[in-house]
Amino acid sequence: MNESANRRLMGKVALVTGAGRGIGRAIAEMFEREGATVIATARGAAHNLGPAVNYQQLDVASEAGWQSVVAGVVASHGRLDVLVNNAGIIGYEAPHELTLDSWNDVVATNQTGVWLGMREVIPSMQSGGGGSIINVSSIWGSVAVAGAHAYHASKGAVLNMSKNAAITYAQNNIRVNSLVPGFIETPLTDGQADEINKAVIANTPLGRAGATDEIAYGALFLASDESSFVTGAELVIDGGYLAQ
Ligand code: NAD
């Protein structure tokens, strides 16, 4: 059998947000290796992505940005099969410490960005006969650590927004799932206080941090036709953290 026939995303067009580094980058690169046409988007410049990865600038909090990028993808490729809403930021403030600006920043990227992305891609998925939307939440979307109030709020919202969209668009064969990472080594966690990192890893039954590819494999499953009966689900990849 020829090698390309085995690739799991052959013929699919996929857009990944926040793909300049970390989990999003690993997803974009794995999708490209698996045969997808990948539009990797990021807020700033993204260097050295694979040769077949098409990079575009996109701030997910920008309505006009989404409209222009999605219109461009549909004009160039005629379809959009997979959206990975991965871009995310964290703030560590407790409720009494948050300013309205810092709350709004986190919600704009993590929650409004996810909604805008879904809104913009759904019409082309409807007319194309279906699609797969993967919204990246977090273990902190369903259980708490102290602080990081806006992050918890936004990641919890993503879980329920995904279920709502799954039900709303099931008749269009558009599957919508949440991907729920535990502690993954990325520039985000590298920039986090050591005491938080040590505590989360200590509470991870497998006893270590996860790698970005361990999340990308979950995204690959949800993007591919192997998950054709999976919608409204939460795919937890967390070394056992949420099982406790
Ligand atoms: P990261 O900080 O390494 O990468 C996130 C990327 O998103 C960056 O490239 C950043 O520039 C981009 N981004 C931020 N705001 C944006 C915006 N408004 N528009 C476009 N791009 C924007 O983080 P990561 O660890 O790779 O996290 C990826 C996703 O996984 C996030 O949604 C994060 O909340 C989630 N997550 C990460 C972990 C972890 O342990 N690393 C755990 C659970 C969930």
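See above for the structure.
Model, not experiment: these values are computed from the prediction.

The tally for this structure, following the rule as stated, stands at nine salt bridges. Taking the shortest distance from any N to any O, the salt bridge between Asp81 and Arg79 comes out at 2.5 Å. Residue class for Asp81 comes out buried when judged on its relative accessible area of 8%. Linked by salt bridges that have partners in common, Glu63, Arg119 and Glu120 make up one network.

Take the site of the ligand next. Near the ligand, the surroundings consist of 26 residues, among which Arg21, Ile23, Asn86, Tyr151 and Thr186 are the closest. For the ligand, a nitrogen atom lies 3.0 Å from a polar atom in the side chain of Thr109. Look at the ligand: alone it shows 820 Å² of surface, and the protein chains cover 94% of it. Of all the secondary-structure elements, those providing two or more residues to the shell around the ligand are helix H1 (22-33), helix H4 (149-169) and helix H5 (187-190). Broken down by element, the shell around the ligand gets its largest block of residues, three residues, from H5. Residue composition of the shell around the ligand, by class: twelve nonpolar, ten polar and four charged.

Right, let's get into the side chain of Asn177. With respect to the secondary-structure elements, Asn177 resides in strand S6 (residues 174-181). Residue Asn177 is classed as buried on the basis of its relative accessible area, which comes to 0%. Of the polar contacts made by the side chain of Asn177, one reaches the backbone nitrogen of Gly232; its length is 3.2 Å. Sequence-distant contacts of Asn177, defined by excluding residues within four places in its chain, comprise Ile133, Ile134, Asn135, Ser162, Leu222, Val230, Thr231, Gly232 and Ala233.

Scanning all chains against the criterion turns up one aromatic pair. Aromatic pair Trp140 and Tyr151: ring centres 6.2 Å apart, planes at 85°, arrangement edge-to-face. Of the two residues, Trp140 is situated in the loop between strand S5 (131-136) and H4 and Tyr151 in helix H4; the sequence distance between them amounts to eleven residues. The pair Trp140 / Tyr151 is uniform in exposure class, with both members buried.

Attention shifts here to the side chain of Asn197. Here Asn197 lies in helix H6 (residues 194-202). Taking relative accessible area as the criterion, Asn197 reaches 11% and is therefore assigned buried. With sequence-adjacent residues up to four places away left out, Asn197 is seen in contact with Phe183, Thr189 and Gln192.

With respect to the secondary-structure elements, Gly191 resides in the loop between H5 and H6. For Gly191, a relative accessible area of 63% translates into the label exposed. In this structure the C-alpha to C-alpha distance between Gly191 and Ser62, which are 129 residues apart in sequence, comes to 25 Å.

Here we take up the environment of Phe229. Among the secondary structure elements, Phe229 is positioned in the loop between helix H7 (212-223) and strand S7 (234-237). Expressed as a C-alpha distance, the spacing of Phe229 and Gly24, which sit 205 residues apart in the sequence, is 24 Å.

Counted at 1.5 Å a residue, the expected span for H4 with its 21 residues is 30 Å, and the 30 Å between its end C-alpha atoms agrees. Among all positions of H4, only Ala150, Tyr151, His152, Ser154, Lys155, Ala157, Val158, Leu159, Met161, Ser162, Ala165 and Ala166 are buried. The inward-facing, buried residues of H4 abut helix H3 (100-128), S5, S6 and S7.

By the criterion of burial, strand S2 (residues 37-42) is predominantly enclosed, with five of the six residues buried. Judged from the four bridges that link them, strand S1 (residues 13-16) and S2 form a sheet pairing that is parallel. Within S2, the position partnered with Val13 by the bridge is Thr37. At this point the chain moves from S1, through H1, to the parallel S2, and the crossover so formed is right-handed. As paired strands, S2 and strand S3 (residues 53-57) are joined by five bridges and run parallel to one another. Bridge assignment links Ala40 to a residue of S3, and that residue is Tyr55.

Conventions and cut-offs
- Residues numbered from 1 in each chain as written.
- Predicted model: local features only at pLDDT ≥ 70, side-chain atom pairs only at ≥ 80, totals over all residues.
- Heavy atoms only, no water.
- Salt bridge = Lys/Arg side-chain N within 4 Å of Asp/Glu carboxyl O.
- Buried < 20%, exposed > 50% of the residue type's maximum accessible area, 1.4 Å probe, protein only.
- Near = heavy atom within 4 Å.
- Polar contact = N/O pair within 3.5 Å; in protein donor to acceptor, adjacent residues only side chain to side chain.
- Areas by Shrake-Rupley, 256 points an atom, 1.4 Å probe, with all protein chains shown as cover.
- Helix = DSSP H or I, 4+ residues; strand = E, 2+ residues; numbered from the N terminus.
- Nonpolar A, V, L, I, M, F, W, Y, C, P; charged D, E, K, R; others polar.
- Contact = heavy atoms within 4.5 Å.
- Phe/Tyr/Trp six-rings, centres within 6.5 Å; stacked < 30°, edge-to-face > 60°.
- Expected span 1.5 Å × (residues − 1).
- Pairing = 2+ DSSP bridges.
- Right-handed = clockwise from strand over helix to strand, strands pointing away.

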